[in-house]
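Understanding the architecture of this molecule
Letter by letter, the chains look like this.
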Amino acid sequence: MTRLNELLNDEKSIFVFDVDGVLAKMEFGEGNNHYFKTDPNVDSDIEFSRAILRGHNFYTDDLLNKTLQSFMAKRDNKKIYVLSRCFTKEEQDQKDDFLLRNYNVIKGNILYTETYKDKLEALNLIKKLNPDVDDEHIIMVDDNVDHVLNYIMDNSGYTTMHVSSFM
């Protein structure tokens with residue numbers, strides 16, 4: 001058994017889950033693409049935010065990750081956090097609604113950042129809220145290797161886990 005598997009099953013572990021591509025399947029695009037993109041001249045994150053501001057809800061129940069839903073239902077929800085990058089209050093409201101409806105998460109344990117690097121600062125906050133938990137037992141589950149998981153791995157002692165560990 002790998003150390004990641006041991007930590008996955010350890011009751012002391014605190015899990016911090018990303019939303020887009022982890023708790024919500026990354027199927028936001030129209031047609032055959034994973035992400036919302038209609039104008040090749042506009043950044044896709046800007047287009048995504050504009051669509052939300054126009055009332056489009058990307059966080060529908062058909063996009064929930066049933067494997068993680070089942071995993072989280074069996075865990076102590078005081079040891080489950082959600083940490084997502086978010087661009088607008090409207091997006092945050094949609095994510096909150098999606099998460100509270102579908103996952104065993106406490107609203108106060110849902111955190112948002114503006115940048116990928118800010119996720120490390122959010123993990124440091126979670127550590128301050130849980131001072132008796134060693135860094136290794138704080139586990140960031142994300143799908144973004146380059147900007148999130150590698151950055152956290154290189155700059156902290158927290159555990160990094162790719163969502164594929166649940167597959």
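Everything discussed here concerns the structure shown above.
Residues numbered from 1 in each chain as written. Predicted model: local features only at pLDDT ≥ 70, side-chain atom pairs only at ≥ 80, totals over all residues. Heavy atoms only, no water.

**Quick notes on the overall build of the protein**
What counts here: Under the DSSP-based scheme used, a helix requires at least four consecutive residues in state H or I and a strand at least two consecutive residues in state E, with every element numbered from the N terminus. Atoms considered for the radius of gyration are the C-alpha atoms alone. The globule rule reads 2.2 Å times the number of residues to the power 0.38. For the exposure calls, accessible area comes from a 1.4 Å probe over protein chains only, and a residue counts as buried if that area is under 20% of its type's maximum, exposed if over 50%, partly exposed in between. In this analysis, two residues are considered to be in contact whenever any of their non-hydrogen atoms come within 4.5 Å of each other.
A count of helical and extended segments in the protein gives 6 helices and 5 strands. Here the protein has a C-alpha radius of gyration of 16 Å; the compact-globule value for 167 residues is 15 Å, and the two agree. Projected onto its principal axes, the C-alpha coordinates of the protein cover approximately 45 × 30 × 30 Å. Within the protein, the proportion of its 167 residues that are buried is 46%. A sequence separation of at least 24 residues applies to 67% of the contacts in the protein between residues at least 6 apart.

**Here's the deal with the pattern of salt bridges**
Spelled out, the test is: Here a salt bridge means any side-chain nitrogen of Lys or Arg lying within 4 Å of a carboxyl oxygen belonging to Asp or Glu.
Tallied over the entire structure, the rule returns 11 salt bridges. Close ionic contact of Asp20 with Lys95 constitutes a salt bridge, the shortest N to O distance being 3.0 Å. Within this pair, whereas Asp20 is found in the loop between β1 (14-17) and α2 (44-53), its partner Lys95 is found in helix α4 (residues 89-102), the two being separated by 75 residues in sequence. As far as burial versus exposure is concerned, Asp20 and Lys95 are alike and both buried. Ionic contacts of the salt-bridge type, sharing partners, join the residues Arg3, Glu6 and Glu136 into one network.

**Side note on the side chain of Arg75**
Put simply, the rule is: Note that His is not counted, nor are the chain ends; the positive residues are Lys and Arg, and the negative ones are Asp and Glu. Throughout this description, a polar contact denotes any pair of N or O atoms lying within 3.5 Å of each other; where both atoms belong to protein, one of them has to be capable of donating a hydrogen while the other can accept it, and for residues adjacent in sequence the pair is counted only when both atoms sit in side chains.
Take Arg75: it is sitting in the loop between α3 (66-73) and β2 (80-85). At 4.3 Å, Glu11 is the nearest oppositely charged side chain to Arg75, a buried residue that forms no salt bridge. Polar contacts involving the side chain of Arg75 include one to the main-chain carbonyl oxygen of Asp10, which spans 2.9 Å. In this view, Arg75 contacts Leu8, Asn9, Asp10, Glu11, Ser13, Phe15, Ile80 and Asn104; residues no more than four positions away in its chain are not counted.

**Section: helix α5 (residues 118-129)**
The condition that has to hold: The span expected for a helix works out to 1.5 Å for each residue beyond the first. Think of the arc as the fan of directions from the helix axis to the C-beta atoms.
In this model α5 runs 17 Å from its N-terminal to its C-terminal C-alpha over 12 residues, within 8% of the 16 Å that 1.5 Å per residue would give. Residues Lys119, Leu120, Ala122, Leu123 and Ile126 constitute the buried set of α5. Seen end-on, α5 carries its buried residues on one side only, within an arc spanning 155°. Along α5, the residues that are exposed and aim more than 90 degrees away from the buried face are Glu121 and Lys128. Buried residues along α5 sit against β1, β2, β3 (110-113), β4 (138-142) and α6 (145-155).

**Brief notes about the sheet that holds β4**
The cut-off we apply is this: The criterion for strand pairing is that DSSP finds at least two bridges linking the strands in question. Each axis is a line fitted through C-alpha atoms, taken for helices only over the stretch in contact, and angles between the N-to-C directions span 0 to 180 degrees.
Read from one edge to the other, the open sheet built from 5 strands follows the order β3-β2-β1-β4-β5, with strand pairing classed as parallel. The sheet terminates laterally at β3 and β5 (159-162), the two strands that pair on one side only. Along the sheet, successive strands turn relative to each other by an average axial angle of 25°, direction set aside. Where β4 lies against β5, 4 bridges are found, and the strand directions are parallel.

**Brief notes about the packing of aromatic side chains**
Geometry of an aromatic ring pair is reported as the spacing of the ring centres plus the angle between the planes. Applicable threshold: A pair of Phe, Tyr and Trp rings is counted when the ring centres sit within 6.5 Å of each other, with Trp represented by its six-membered ring. The angle between the planes then sorts it: under 30 degrees is stacked, over 60 is edge-to-face, the rest tilted. Only lysine NZ and arginine CZ atoms are considered, and such an atom sits over a ring when it is within 6 Å of the ring centre and within 35 degrees of the ring normal.
Evaluation of the coordinates by the stated rule reveals 7 aromatic pairs. Pairing Phe71 with Phe166 gives two aromatic rings, centres 5.1 Å apart and planes at 70°, and the pair type is edge-to-face. Highlighted residues: Phe71 in helix α3 and Phe166 in the segment after β5, separated in sequence by 95 residues. As far as burial versus exposure is concerned, Phe71 and Phe166 are alike and both buried. With centroids separated by 6.0 Å and ring planes inclined at 65°, the aromatic side chains of Phe98 and Tyr103 adopt a geometry described as edge-to-face. For the residue pair Phe98 and Tyr103, the accessibility class agrees, reading buried in each case. A network of ring pairs unites the aromatic residues Phe15, Phe17, Phe71 and Phe166 as a single cluster. Its end group placed over the ring of Tyr116, Arg85 keeps NZ or CZ at 4.0 Å from the ring centre.

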